[in-house]
Amino acid sequence: MKVNKTNVARLLDKAKVAYELIPYEVDENDLSAVHVAASLGEDIDCVFKTLVLHGDKSGYFVCVIPGEHEVDLKLAAKVSGNKKCDLIPMKELLPLTGYIRGGCSPIGMKKHFPTYIHKTCLDFPFIYVSAGIRGLQIKLAPQDLIREARAEVATLF
């Protein structure tokens, strides 16, 4: 199956980062990372989802966490220098990041936002994140993702 490169893949190519593009079957009724992990036949703990939040002091920021977990808003606020924060409304996602729900990647957003990735990413030789579209994941070493997303490792749940 021919997989077209996404902007995320082109950015990783430019940075000379090793990765694999892994397609999966999209279920429009279930865009969860749990479904993605099951489709890939992978451990849900190494399939990460990208969440965009808004803090009362810092503005927008990104949290990347294992798929079946929920971000702890108190921890996310603390790590990002906010008193409180919330997930952004879904309708803001595309205009803000250039990505849609189920296809949001921590790499290649319209502009760079402070990014925090949950510390368990370091437990794996590689992890999966969205390649920027539904139906396609990028498999890469967590250290490469941390570097390319200019992310900080943190406790987010």
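Residues numbered from 1 in each chain as written. Predicted model: local features only at pLDDT ≥ 70, side-chain atom pairs only at ≥ 80, totals over all residues. Heavy atoms only, no water.

Peer 1: Looking at this structure, I do not really get the overall build of the protein chain. What am I missing?
Peer 2: Helix and strand content of the protein chain: five helices and eight strands. When the helices and strands of the protein chain are listed from N to C terminus, the series reads α-β-α-β-β-α-β-α-β-β-β-α-β. The C-alpha atoms of the protein chain give a radius of gyration of 14 Å, which matches the 15 Å a tight globule of 157 residues would have. Counting only C-alpha atoms and orienting by the principal axes, one finds that the protein chain spans roughly 45 × 35 × 30 Å. When burial is assessed residue by residue, the protein chain has 48% of its 157 residues classed as buried. For the protein chain, contacts bridging at least 24 residues in sequence account for 60% of all contacts bridging at least 6. (Helix = DSSP H or I, 4+ residues; strand = E, 2+ residues; numbered from the N terminus. Rg over C-alpha atoms; globule rule 2.2 N^0.38 Å. Buried < 20%, exposed > 50% of the residue type's maximum accessible area, 1.4 Å probe, protein only. Contact = heavy atoms within 4.5 Å.)

Peer 1: Whenever I open this one, the sheet that holds strand 7 (residues 136-140) confuses me. Can you help?
Peer 2: Backbone-to-backbone hydrogen bonds pair the strands of a sheet. The strands run either parallel or antiparallel. Read across the sheet, three strands follow the order 1-7-6 without closing on themselves; strand pairing throughout is antiparallel. Pairing within the sheet leaves two strands with one partner each, and these edge strands are strand 1 (20-23) and strand 6 (127-130). In this sheet, neighbouring strand axes are inclined to one another by 35 degrees on average, regardless of whether the strands run parallel or antiparallel. Here strand 6 runs beside strand 7; their pairing, made up of four bridges, is antiparallel. (Pairing = 2+ DSSP bridges. Axes fitted to C-alpha atoms, helices over the stretch in contact; angles between N-to-C directions.)

Peer 1: Help me understand the pattern of salt bridges, please; the structure alone is not making it clear to me.
Peer 2: Pairing of side chains with opposite charge becomes possible as their charged atoms draw close. Throughout the structure, instances matching the rule amount to five salt bridges. Between Glu28 and Arg134 there is a salt bridge, with its nearest N and O atoms 2.8 Å apart. One end of the pair, Glu28, is in the loop between strand 1 and helix 2 (33-40); the other, Arg134, is in the loop between strand 6 and strand 7, and 106 residues separate them in sequence. Classification of Arg134 by relative accessible area gives partly exposed; the value is 26%. It is possible to trace a salt-bridge network through shared partners that takes in Asp144, Arg147 and Glu148. (Salt bridge = Lys/Arg side-chain N within 4 Å of Asp/Glu carboxyl O.)

Peer 1: Would you take a moment to explain the layout of surface pockets for this structure?
Peer 2: Once rolled over the atoms, a probe with the size of a water molecule shows which space is left empty. Taken as a whole, the largest pocket spans an internal volume of roughly 650 Å³. Around the largest pocket, the lining is made up of 30 residues, and of these Lys49, Thr50, Leu51, Arg101 and Gly102 lie nearest the centre. For the lining of the largest pocket, the secondary structure elements donating two or more residues are helix 2, strand 2 (48-55) and helix 4 (90-97). The greatest single-element share of the lining of the largest pocket, amounting to five residues, is contributed by strand 2. By residue class, the composition of the lining of the largest pocket is 18 nonpolar, eight polar and four charged. Roughly 170 Å³ of volume is contained in the second largest pocket. Around the second largest pocket, the lining comprises 14 residues; the ones closest to its centre are Pro106, Ile107, Gly108, His112 and Glu148. A breakdown of the residues in the lining of the second largest pocket according to their chemical character gives eight nonpolar, three polar and three charged. (1 Å grid on protein atoms, 1.4 Å probe; cavity = no way out; pocket = protein on both sides within 12 Å on 5 of 7 lines; lining within 4 Å. Points joined across faces, edges and corners; volume = space filled by probe spheres on them. Nonpolar A, V, L, I, M, F, W, Y, C, P; charged D, E, K, R; others polar.)

Peer 1: What exactly am I supposed to notice about the nonpolar core here?
Peer 2: When a protein is soluble and globular, its nonpolar side chains tend to lie buried together. With 40 residues, the main nonpolar core has Leu12, Val52, Ile117, Ile138, Leu140 and Leu145 as its most contacted residues. For this core, the leading source of residues is helix 2, giving four residues. (Core = buried A, V, L, I, M, F, W, Y, C linked by side-chain atoms within 4.5 Å.)

Peer 1: Would you mind going over helix 4 with me for this structure?
Peer 2: Since one α-helical turn is 3.6 residues long, residues separated by three or four positions face the same way. All of the buried residues along helix 4 are Leu93, Leu96 and Thr97. Viewed end-on, helix 4 has its buried residues packed into an arc of 90 degrees, placing them on one side of the element. Exposed side of helix 4, more than 90 degrees from the buried face: Lys91 and Pro95 are the residues found there. Contacts made by the buried residues of helix 4 are with strand 2 and strand 3 (59-66). (Arc of directions from axis to C-beta.)

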